[in-house]
Amino acid sequence: SEDEIGQLCQDFEEMRLRLKANAEEKVEFDRENKELISNISHDLKTPAAVIRGCAQALQDGMIPEEKRSGALDTIIRKADQVSSLLSAFHEYSKLEHPQMPVNRKLTDVGYLVREYFAGRYQELEMNDIFLEADIEETPCMAMADPSLLLRALENLVNNAAVYNPPGTRILAYLRREGDRLRISIADDGKGIPDELREKLFEPFVTGDAARSGSHGSGLGLAITKKIILLHEGTIQAAPDPLPGWKPEFRISLPLAES
(Lines give C-alpha, C1' and ligand atoms only; values in the text may rest on other atoms or scores of the structure.)
Protein backbone atom coordinates (compact mmCIF):
# COMPACT_ATOMS: atom_id res chain seq x y z
CA SER A 1 0.00 0.00 0.00
CA GLU A 2 0.98 3.67 -0.24
CA ASP A 3 0.37 4.55 3.44
CA GLU A 4 2.91 4.70 6.28
CA ILE A 5 2.79 0.94 6.86
CA GLY A 6 3.46 0.29 3.18
CA GLN A 7 6.42 2.70 3.22
CA LEU A 8 7.76 1.02 6.37
CA CYS A 9 7.53 -2.39 4.70
CA GLN A 10 9.35 -1.05 1.65
CA ASP A 11 12.13 0.40 3.84
CA PHE A 12 12.52 -2.93 5.63
CA GLU A 13 12.72 -4.78 2.30
CA GLU A 14 15.41 -2.40 1.02
CA MET A 15 17.36 -2.87 4.26
CA ARG A 16 17.02 -6.66 3.95
CA LEU A 17 18.39 -6.57 0.40
CA ARG A 18 21.33 -4.38 1.45
CA LEU A 19 22.16 -6.70 4.34
CA LYS A 20 21.93 -9.71 2.05
CA ALA A 21 24.28 -8.06 -0.50
CA ASN A 22 26.74 -7.13 2.27
CA ALA A 23 26.70 -10.68 3.61
CA GLU A 24 27.36 -12.11 0.14
CA GLU A 25 30.21 -9.65 -0.41
CA LYS A 26 31.75 -10.68 2.92
CA VAL A 27 31.54 -14.37 2.01
CA GLU A 28 33.25 -13.69 -1.33
CA PHE A 29 35.88 -11.48 0.35
CA ASP A 30 36.64 -14.18 2.93
CA ARG A 31 36.91 -16.81 0.16
CA GLU A 32 39.35 -14.66 -1.81
CA ASN A 33 41.44 -13.99 1.30
CA LYS A 34 41.64 -17.69 2.15
CA GLU A 35 42.67 -18.47 -1.42
CA LEU A 36 45.30 -15.73 -1.36
CA ILE A 37 46.77 -16.97 1.93
CA SER A 38 46.79 -20.53 0.58
CA ASN A 39 48.67 -19.41 -2.53
CA ILE A 40 51.16 -17.36 -0.52
CA SER A 41 51.81 -20.38 1.72
CA HIS A 42 52.29 -22.57 -1.36
CA ASP A 43 54.83 -20.19 -2.88
CA LEU A 44 56.76 -19.74 0.38
CA LYS A 45 57.01 -23.47 1.08
CA THR A 46 59.43 -24.38 -1.74
CA PRO A 47 62.12 -21.70 -1.17
CA ALA A 48 61.87 -22.20 2.59
CA ALA A 49 62.49 -25.93 2.14
CA VAL A 50 65.50 -25.26 -0.12
CA ILE A 51 66.99 -22.77 2.38
CA ARG A 52 66.59 -25.23 5.23
CA GLY A 53 67.99 -28.12 3.20
CA CYS A 54 71.10 -26.22 2.13
CA ALA A 55 71.68 -24.81 5.63
CA GLN A 56 71.30 -28.27 7.20
CA ALA A 57 73.71 -29.80 4.66
CA LEU A 58 76.27 -27.09 5.38
CA GLN A 59 75.90 -27.56 9.13
CA ASP A 60 76.30 -31.33 8.83
CA GLY A 61 79.40 -30.99 6.64
CA MET A 62 77.73 -32.84 3.77
CA ILE A 63 78.77 -30.29 1.11
CA PRO A 64 82.39 -30.35 -0.06
CA GLU A 65 84.47 -27.20 0.36
CA GLU A 66 84.47 -26.43 -3.37
CA LYS A 67 80.64 -26.51 -3.51
CA ARG A 68 79.88 -24.48 -0.38
CA SER A 69 79.93 -21.17 -2.25
CA GLY A 70 77.25 -22.47 -4.62
CA ALA A 71 75.11 -23.62 -1.70
CA LEU A 72 75.40 -20.19 -0.06
CA ASP A 73 74.44 -18.55 -3.35
CA THR A 74 71.34 -20.77 -3.46
CA ILE A 75 70.39 -19.75 0.08
CA ILE A 76 70.76 -16.05 -0.81
CA ARG A 77 68.70 -16.37 -4.01
CA LYS A 78 65.91 -18.24 -2.26
CA ALA A 79 65.91 -15.76 0.64
CA ASP A 80 65.62 -12.94 -1.90
CA GLN A 81 62.68 -14.78 -3.49
CA VAL A 82 60.92 -15.04 -0.13
CA SER A 83 61.57 -11.36 0.56
CA SER A 84 60.22 -10.35 -2.85
CA LEU A 85 57.07 -12.40 -2.39
CA LEU A 86 56.41 -10.98 1.08
CA SER A 87 56.98 -7.43 -0.19
CA ALA A 88 54.49 -7.97 -3.01
CA PHE A 89 51.97 -9.48 -0.60
CA HIS A 90 52.41 -6.50 1.74
CA GLU A 91 51.85 -4.07 -1.15
CA TYR A 92 48.78 -5.97 -2.34
CA SER A 93 47.34 -5.95 1.20
CA LYS A 94 47.92 -2.20 1.54
CA LEU A 95 46.07 -1.53 -1.70
CA GLU A 96 43.14 -3.60 -0.39
CA HIS A 97 42.77 -1.31 2.64
CA PRO A 98 39.88 1.17 2.29
CA GLN A 99 42.03 3.91 3.85
CA MET A 100 44.98 3.41 1.51
CA PRO A 101 46.47 6.91 1.00
CA VAL A 102 46.42 8.00 -2.64
CA ASN A 103 48.20 11.31 -3.23
CA ARG A 104 46.56 12.29 -6.50
CA LYS A 105 47.57 15.60 -8.01
CA LEU A 106 47.40 17.26 -11.41
CA THR A 107 49.99 15.35 -13.46
CA ASP A 108 51.14 15.40 -17.06
CA VAL A 109 50.86 11.64 -17.56
CA GLY A 110 52.44 11.81 -21.02
CA TYR A 111 55.58 13.38 -19.55
CA LEU A 112 55.57 10.84 -16.70
CA VAL A 113 55.38 7.88 -19.12
CA ARG A 114 58.01 9.39 -21.43
CA GLU A 115 60.49 9.93 -18.59
CA TYR A 116 59.91 6.45 -17.20
CA PHE A 117 60.68 4.75 -20.51
CA ALA A 118 63.71 6.96 -21.09
CA GLY A 119 65.07 5.69 -17.77
CA ARG A 120 64.42 2.02 -18.59
CA TYR A 121 65.61 2.05 -22.21
CA GLN A 122 69.29 1.18 -21.72
CA GLU A 123 68.70 -1.38 -18.96
CA LEU A 124 66.19 -3.36 -21.02
CA GLU A 125 68.24 -3.14 -24.21
CA MET A 126 71.17 -4.75 -22.37
CA ASN A 127 68.84 -7.73 -21.82
CA ASP A 128 67.78 -7.81 -25.50
CA ILE A 129 64.38 -6.24 -24.81
CA PHE A 130 63.72 -3.24 -27.04
CA LEU A 131 61.45 -0.30 -26.29
CA GLU A 132 59.37 1.71 -28.74
CA ALA A 133 57.22 4.73 -27.90
CA ASP A 134 54.26 6.42 -29.54
CA ILE A 135 53.31 9.08 -26.99
CA GLU A 136 51.21 12.17 -27.62
CA GLU A 137 53.39 15.28 -27.42
CA THR A 138 50.79 17.69 -26.03
CA PRO A 139 50.31 17.67 -22.24
CA CYS A 140 47.85 15.00 -21.04
CA MET A 141 46.76 16.13 -17.60
CA ALA A 142 45.08 13.76 -15.15
CA MET A 143 44.62 13.55 -11.40
CA ALA A 144 47.17 10.86 -10.56
CA ASP A 145 49.48 9.63 -7.85
CA PRO A 146 52.78 9.59 -9.82
CA SER A 147 54.49 6.99 -7.63
CA LEU A 148 51.56 4.56 -7.83
CA LEU A 149 51.10 5.08 -11.56
CA LEU A 150 54.81 4.45 -12.15
CA ARG A 151 54.51 1.27 -10.09
CA ALA A 152 51.70 0.09 -12.36
CA LEU A 153 53.81 0.80 -15.47
CA GLU A 154 56.78 -0.98 -13.90
CA ASN A 155 54.68 -4.09 -13.30
CA LEU A 156 53.43 -4.16 -16.89
CA VAL A 157 56.90 -3.64 -18.41
CA ASN A 158 58.52 -6.20 -16.10
CA ASN A 159 55.75 -8.68 -16.96
CA ALA A 160 56.51 -8.28 -20.68
CA ALA A 161 60.27 -8.51 -20.14
CA VAL A 162 60.18 -11.59 -17.89
CA TYR A 163 57.70 -13.76 -19.78
CA ASN A 164 59.05 -13.17 -23.30
CA PRO A 165 62.22 -14.29 -25.11
CA PRO A 166 65.20 -12.06 -25.99
CA GLY A 167 64.51 -9.83 -28.95
CA THR A 168 60.99 -8.93 -27.82
CA ARG A 169 59.83 -5.36 -28.46
CA ILE A 170 57.73 -3.44 -25.92
CA LEU A 171 55.55 -0.53 -27.02
CA ALA A 172 54.38 2.43 -24.93
CA TYR A 173 51.36 4.07 -26.58
CA LEU A 174 49.51 7.09 -25.15
CA ARG A 175 46.64 9.04 -26.68
CA ARG A 176 43.71 11.25 -25.69
CA GLU A 177 40.36 9.63 -26.49
CA GLY A 178 37.59 12.11 -25.76
CA ASP A 179 37.58 12.83 -22.03
CA ARG A 180 39.75 9.77 -21.31
CA LEU A 181 43.45 9.05 -21.52
CA ARG A 182 44.53 5.76 -23.07
CA ILE A 183 47.85 4.23 -22.00
CA SER A 184 48.80 0.98 -23.70
CA ILE A 185 51.74 -1.29 -22.91
CA ALA A 186 52.07 -3.90 -25.65
CA ASP A 187 54.68 -6.37 -26.86
CA ASP A 188 55.29 -8.66 -29.83
CA GLY A 189 56.18 -11.70 -27.74
CA LYS A 190 54.44 -14.98 -27.00
CA GLY A 191 50.99 -13.61 -26.34
CA ILE A 192 48.51 -14.76 -23.70
CA PRO A 193 46.74 -18.15 -23.65
CA ASP A 194 43.01 -17.69 -24.15
CA GLU A 195 42.19 -19.58 -20.96
CA LEU A 196 44.11 -17.02 -18.86
CA ARG A 197 42.83 -13.84 -20.51
CA GLU A 198 39.77 -13.41 -18.29
CA LYS A 199 41.71 -14.05 -15.06
CA LEU A 200 44.94 -12.17 -15.73
CA PHE A 201 44.42 -9.59 -13.01
CA GLU A 202 43.62 -12.07 -10.26
CA PRO A 203 46.43 -13.14 -7.90
CA PHE A 204 48.37 -16.28 -8.90
CA VAL A 205 46.62 -17.12 -12.15
CA THR A 206 49.73 -18.11 -14.09
CA GLY A 207 49.60 -21.71 -12.83
CA ASP A 208 52.10 -23.83 -10.96
CA ALA A 209 54.59 -23.92 -13.85
CA ALA A 210 55.01 -20.16 -13.68
CA ARG A 211 55.03 -20.13 -9.89
CA SER A 212 58.33 -21.97 -9.55
CA GLY A 213 60.09 -18.78 -8.49
CA SER A 214 61.71 -17.69 -11.74
CA HIS A 215 58.78 -15.47 -12.75
CA GLY A 216 58.33 -13.26 -9.70
CA SER A 217 55.57 -13.14 -7.12
CA GLY A 218 52.49 -13.65 -9.32
CA LEU A 219 50.92 -10.52 -7.82
CA GLY A 220 52.17 -7.88 -10.25
CA LEU A 221 49.11 -7.62 -12.50
CA ALA A 222 46.72 -7.84 -9.53
CA ILE A 223 48.56 -4.92 -7.90
CA THR A 224 48.46 -3.01 -11.19
CA LYS A 225 44.69 -3.38 -11.45
CA LYS A 226 44.16 -2.16 -7.90
CA ILE A 227 46.31 0.92 -8.60
CA ILE A 228 44.31 1.75 -11.74
CA LEU A 229 41.02 1.33 -9.86
CA LEU A 230 42.28 3.77 -7.22
CA HIS A 231 42.64 6.26 -10.10
CA GLU A 232 39.01 5.66 -11.19
CA GLY A 233 40.33 3.96 -14.30
CA THR A 234 40.08 0.60 -16.03
CA ILE A 235 42.61 -1.90 -17.37
CA GLN A 236 42.16 -4.86 -19.68
CA ALA A 237 44.01 -7.17 -22.02
CA ALA A 238 42.56 -5.55 -25.12
CA PRO A 239 40.56 -7.90 -27.39
CA ASP A 240 41.53 -5.67 -30.34
CA PRO A 241 45.27 -4.99 -29.84
CA LEU A 242 47.22 -2.51 -31.91
CA PRO A 243 48.23 -4.04 -35.27
CA GLY A 244 51.42 -6.08 -34.94
CA TRP A 245 51.30 -6.19 -31.12
CA LYS A 246 50.06 -8.86 -28.73
CA PRO A 247 49.06 -8.62 -26.02
CA GLU A 248 48.09 -5.02 -25.35
CA PHE A 249 47.38 -3.99 -21.77
CA ARG A 250 45.10 -0.99 -22.20
CA ILE A 251 44.58 1.51 -19.38
CA SER A 252 41.87 4.15 -19.50
CA LEU A 253 42.04 7.10 -17.08
CA PRO A 254 39.81 10.17 -16.76
CA LEU A 255 41.47 13.34 -18.05
CA ALA A 256 41.46 16.34 -15.75
CA GLU A 257 38.88 18.97 -16.61
CA SER A 258 40.45 21.85 -18.52
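The preceding data block contains the structure.
Residues numbered from 1 in each chain as written. Predicted model: local features only at pLDDT ≥ 70, side-chain atom pairs only at ≥ 80, totals over all residues. Heavy atoms only, no water.

### Topic: the overall build of the protein
Argument step 1. Across its full length, the protein holds six helices and seven strands.
Argument step 2. Shown N-terminal to C-terminal, the secondary structure of the protein runs as helices and strands in the order α-α-β-α-β-β-α-β-β-α-α-β-β.
Argument step 3. Relative to its length of 258 residues, the protein is extended, with a C-alpha radius of gyration of 23 Å against a globular reference of 18 Å.
Argument step 4. C-alpha atoms of the protein, sized along the principal axes, occupy 90 × 50 × 35 Å.
Argument step 5. Counting contacts in the protein only where the partners sit at least 6 residues apart, residues at least 24 apart contribute 74% of the total.
Argument step 6. Here the protein displays about 15500 Å² of accessible surface, and carbon together with sulfur accounts for 55% of that area. (Helix = DSSP H or I, 4+ residues; strand = E, 2+ residues; numbered from the N terminus. Rg over C-alpha atoms; globule rule 2.2 N^0.38 Å. Contact = heavy atoms within 4.5 Å. Areas by Shrake-Rupley, 256 points an atom, 1.4 Å probe, with all protein chains shown as cover.)

### As for the environment of Val-102
Argument step 1. With respect to the helices and strands, the residue Val-102 is situated in the loop between α2 (65-96) and β1 (105-108).
Argument step 2. Val-102 sits 122 residues away from Thr-224 along the chain, and the two C-alpha atoms are 14 Å apart.
Argument step 3. Excluding residues that lie within four positions of it along the chain, Val-102 makes contacts with Asp-145, Leu-148 and Leu-230.

### Examining the environment of Thr-234
Argument step 1. Inspection of the secondary structure puts Thr-234 in strand β6 (residues 234-237).
Argument step 2. Along the chain, Thr-234 and Pro-254 lie 20 residues apart, while their C-alpha atoms are 9.6 Å from each other.
Argument step 3. When near neighbours in sequence (up to four residues on either side) are disregarded, Thr-234 contacts Arg-180, Ile-228, Arg-250, Ile-251 and Ser-252.

### Let's talk about the sheet that holds strand β5 (residues 180-187)
Argument step 1. Taken in spatial order, the five strands line up as β2-β4-β5-β7-β6 in an open sheet, and their pairing is mixed. The open sheet has two edge strands, β2 (130-135) and β6, and neither has a second partner. For this sheet, the mean inter-axis angle between neighbouring strands, taken without regard to orientation, is 15°.
Argument step 2. Where β6 meets strand β7 (residues 248-254), four bridges bridge the pair, whose relative direction is antiparallel. Bridging across to β7, Gln-236 finds its partner in Arg-250.
Argument step 3. Helix α3 (residues 109-126) rests against β2, β4 (169-177) and β5 of the sheet, and its axis sits at about 165° to β2. (Pairing = 2+ DSSP bridges. Axes fitted to C-alpha atoms, helices over the stretch in contact; angles between N-to-C directions.)

It is worth stressing that arrangement in space is one thing and function is another; only the former is reported here.
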